[in-house]
Amino acid sequence: MLDLNWGLVLLLVCTASVGFAMLYSAAGGSLEPWASRQMMRFAIGLCVTFAIAMVDIRFWRRYAYLAYAVALVLLIAVEVMGVVGMGARRWVDLGLFQLQPSEVMKIALMLALARYFHGLSMEDIGRIRWLAVPAALMFAPAVLVLRQPDLGTALMLIASGVIILFVAGVRWWMFAIAGGLAAAVIPIGYQFLHDYQRDRILTFLNPESDPLGAGYHIMQSKIALGSGGIFGKGFIQGTQSHLNFLPEMNTDFIFTMLAEEFGMVGGLALFALYFLIFAYGYAISLRSRNHFGRLLGMGITGIFFLYVFINAAMVMGLVPVVGVPLPLISYGGTSMMTLLVGFGLLMSVWIHRDVEIPRKSQDDL
């Protein structure tokens, strides 16, 4: 336990504590129903983080493909016996709790891609034929998630995979070709979007076109952000949130409530905590002497960055509303546990940073 990166642990606790405070505020000054449950989940999740961190990094490399296979089976199970909520089929009922497999897949995908590229030489990475496997690893779960439907998570899976490809050393021209192909199929893909997904895109381009309908969320979010000013209105004093103008204030739009109550200063303070977590993540990754640890650490940190960037940009109206939670702040069980599992793997990279793993092993593809 002494080998844990306690600086990172402290940052996680501080950031989660901000979330507890905002959930307390969202309930009008009460620990129920959100803050108390979030505290319990974080405490359990932190114990899971410590347990994962102590496991040898070679264990996670050895069973990376198995973790991916389990996550993929869970995504298929959503198609067969998934639980429907808010018009989407995204959860599997495991009795004691409901699991969102798409969140599990984010971590499993990082493990699988890190193991695959760990076993390749730089010459192999430069050849297109060796990219067929990582492409399949990325797009198979993305297609299943799109069917739920969950466009935001599907795009996050692909984006997080691209981070691993970039860190692994995939050539720039390959990204350029892939980007060109993606741009070419956008008009075709738009035709297959659900009506509510098209509405989100159109609302993003012109939210004032339907201020009481599709544009209501983002319009109220912008009003709340602006009304907070420099120093905010004070803890539990936000008017947009506590007068029920601000929707989903305990989940997707919790940053808006924080900015209204603590102003620009409070928002920048939270971003400072996030920046320090990013810095720790990348420093730990670069410190690893084995390639698998570097790739896995970069992937986990990249996922965390995507969570923060997309949620913050979403509530500011810079990207369409896609339902991505603010990490360690928004209320939610699966997303909280997924992040803490990811940080457990990151700390495993730190603890076993001096472990050397040959790039070519018998159990590598």
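Being a predicted model, the structure only gives us computed values, none of them experimental.

Rules used in this analysis
- Residues numbered from 1 in each chain as written.
- Predicted model: local features only at pLDDT ≥ 70, side-chain atom pairs only at ≥ 80, totals over all residues.
- Heavy atoms only, no water.
- Helix = DSSP H or I, 4+ residues; strand = E, 2+ residues; numbered from the N terminus.
- Rg over C-alpha atoms; globule rule 2.2 N^0.38 Å.
- Buried < 20%, exposed > 50% of the residue type's maximum accessible area, 1.4 Å probe, protein only.
- Contact = heavy atoms within 4.5 Å.
- Lys, Arg positive; Asp, Glu negative; His and termini not counted.
- Charge placed at Lys NZ, Arg CZ, Asp CG, Glu CD.
- Expected span 1.5 Å × (residues − 1).
- Phe/Tyr/Trp six-rings, centres within 6.5 Å; stacked < 30°, edge-to-face > 60°.
- Patch = residues over 30% accessible without salt bridge, like charges linked within 9 Å, V, L, I, M, F, W, Y side chains within 5 Å.
- Areas by Shrake-Rupley, 256 points an atom, 1.4 Å probe, with all protein chains shown as cover.
- Salt bridge = Lys/Arg side-chain N within 4 Å of Asp/Glu carboxyl O.
- 1 Å grid on protein atoms, 1.4 Å probe; cavity = no way out; pocket = protein on both sides within 12 Å on 5 of 7 lines; lining within 4 Å.
- Points joined across faces, edges and corners; volume = space filled by probe spheres on them.
- Nonpolar A, V, L, I, M, F, W, Y, C, P; charged D, E, K, R; others polar.
- pLDDT = per-residue confidence, 0-100.
- Core = buried A, V, L, I, M, F, W, Y, C linked by side-chain atoms within 4.5 Å.
- Axes fitted to C-alpha atoms, helices over the stretch in contact; angles between N-to-C directions.
- Parallel < 35°, antiparallel > 145°, perpendicular 65-115°, else oblique.
- Left-handed = near helix turned anticlockwise from the far one by under 90°.

Colleague: Can you explain the overall build of the chain? Please cite residues and give values.
Modeller: Within the chain, the regular secondary structure consists of 15 helices and three strands. Scaling as 2.2 N^0.38, a compact globule of 365 residues should have a C-alpha radius of gyration of about 21 Å, and the chain matches this with 21 Å. In terms of overall dimensions, the chain has C-alpha extents of about 60 × 55 × 40 Å along its principal axes. Looking at the chain as a whole, 48% of its 365 residues qualify as buried. Of the contacts made within the chain by residues no fewer than 6 positions apart, 74% connect residues no fewer than 24 positions apart. Averaging the coordinates of the 23 positive side-chain charges in the chain and doing the same for the 21 negative ones gives two points 8 Å apart.

Colleague: Could you give an account of helix α14 (residues 291-315), naming the residues involved and the relevant values?
Modeller: Over its 25 residues, α14 extends 36 Å from the first C-alpha to the last, a length consistent with the 36 Å expected when each residue adds 1.5 Å. In the stretch just after α14, G317 is the one whose phi turns positive, near 80 degrees.

Colleague: Outline the packing of aromatic side chains, listing residues and values.
Modeller: Tallied over the entire structure, the rule returns 15 aromatic pairs. Put simply, the rings of Y274, F278, F304, F305, F309 and F343 touch in pairs and so form one group of aromatic residues.

Colleague: Quick one: what's the story with a nonpolar patch on the surface, residue by residue and with numbers?
Modeller: Side chains of I230, F231, M264, V265 and L268 sit close together on the surface and give an oily, nonpolar patch of about 520 Å² of accessible area. Relative to the helices and strands, V265 is located in helix α13 (residues 254-287).

Colleague: Help me get a handle on empty space enclosed by the protein, residues and values and all.
Modeller: With the rule as written, the count across this model stands at one cavity of 30 Å³ or more. Estimates place the volume of the largest cavity at around 40 Å³. Contributing to the lining of the largest cavity are Q38, Y307, P325, L326, P327, L328, I329, S330, S335, M336 and L339. Among the elements that make up the lining of the largest cavity, the one with the highest residue count is helix α15 (residues 333-351) (three residues). Classifying every residue of the lining of the largest cavity gives eight nonpolar, three polar and no charged.

Colleague: Describe the pattern of salt bridges, listing the residues and the values that go with them.
Modeller: Across all of its chains, the model carries six salt bridges by this definition. In this structure, D354 engages R287 in a salt bridge whose closest nitrogen and oxygen atoms are separated by 3.1 Å. Remark: R287 occurs in helix α13 and D354 occurs in the segment after α15; sequence separation between them is 67 residues. By relative accessible area, D354 is classed as partly exposed at 41%. Between E356 and R289 there is a salt bridge, and its shortest N-O distance comes to 2.5 Å.

Colleague: Run through the confidence of the model for the chain, naming residues and quoting values.
Modeller: Looking at the chain as a whole, the pLDDT averages 87, with 92% of positions reaching at least 70. Per-element averaging of pLDDT across the chain places strand β1 (residues 83-85) at the bottom with 70 and helix α1 (residues 6-26) at the top with 96.

Colleague: Residue-level account of the nonpolar core, with values.
Modeller: Core analysis: the largest hydrophobic core is formed by 91 residues, its most contacted members being L109, F117, L296 and F304. Top contributing element to this core by residue count: α14, with twelve residues.

Colleague: I'd like to hear about the environment of A272, residue by residue, with values.
Modeller: As for its placement among the helices and strands, A272 is situated in helix α13. Measuring from C-alpha to C-alpha, the distance between A272 and I303 comes to 18 Å, with 31 residues separating the pair along the chain.

Colleague: Would you mind going over helix α4 (residues 64-81) in detail, with residue names and values included?
Modeller: In this model, α4 (18 residues) spans 26 Å end to end at C-alpha, consistent with the 26 Å of a helix rising 1.5 Å per residue. Within α4, burial applies to A64, Y68, A71, L74, L75, A77 and V78.

Colleague: Give a description of unusual backbone geometry that names residues and reports values.
Modeller: The omega angle of the peptide bond from E32 to P33 is 5 degrees, so this bond is cis rather than trans. Summarising the element assignment, P33 is placed in the loop between α1 and α2 (35-53). Within the chain, I236 stands out as a residue other than glycine whose phi angle is a positive 65 degrees. Mapping I236 onto the fold places it in the loop between α11 (216-227) and α12 (239-242). For L328, which is not glycine, the phi torsion reads 70 degrees and is therefore positive. By secondary structure assignment, the location of L328 is in the loop between α14 and α15.

Colleague: Account for the environment of L31, naming residues and giving values.
Modeller: Examined against the element boundaries, L31 turns out to sit in the loop between α1 and α2. Note: C-alpha distance between L31 and A21 (ten residues apart in sequence) is 9.0 Å. L31 has contacts with Y24, S36 and M39, leaving out every residue within four places of it along the chain.

Colleague: How would you summarise the packing of α1 against α15 if you had to cite specific residues and measurements?
Modeller: Packed helices, taken two at a time, are described by the angle their axes make and the gap between the axes. Running from N to C, α1 and α15 cross one another at 165 degrees; their axes reach a closest spacing of 11 Å. Between α1 and α15, the interaxial angle falls into the category roughly antiparallel. Every pair of crossing elements has a handedness; the one defined by α1 and α15 is right-handed. Residues L8, V9 and L12 of α1 lie in contact with α15, whose contacting residues are F343, L346 and M347. When grouped by side-chain class, the residues that make up the contact of α1 with α15 number six nonpolar, no polar and no charged.

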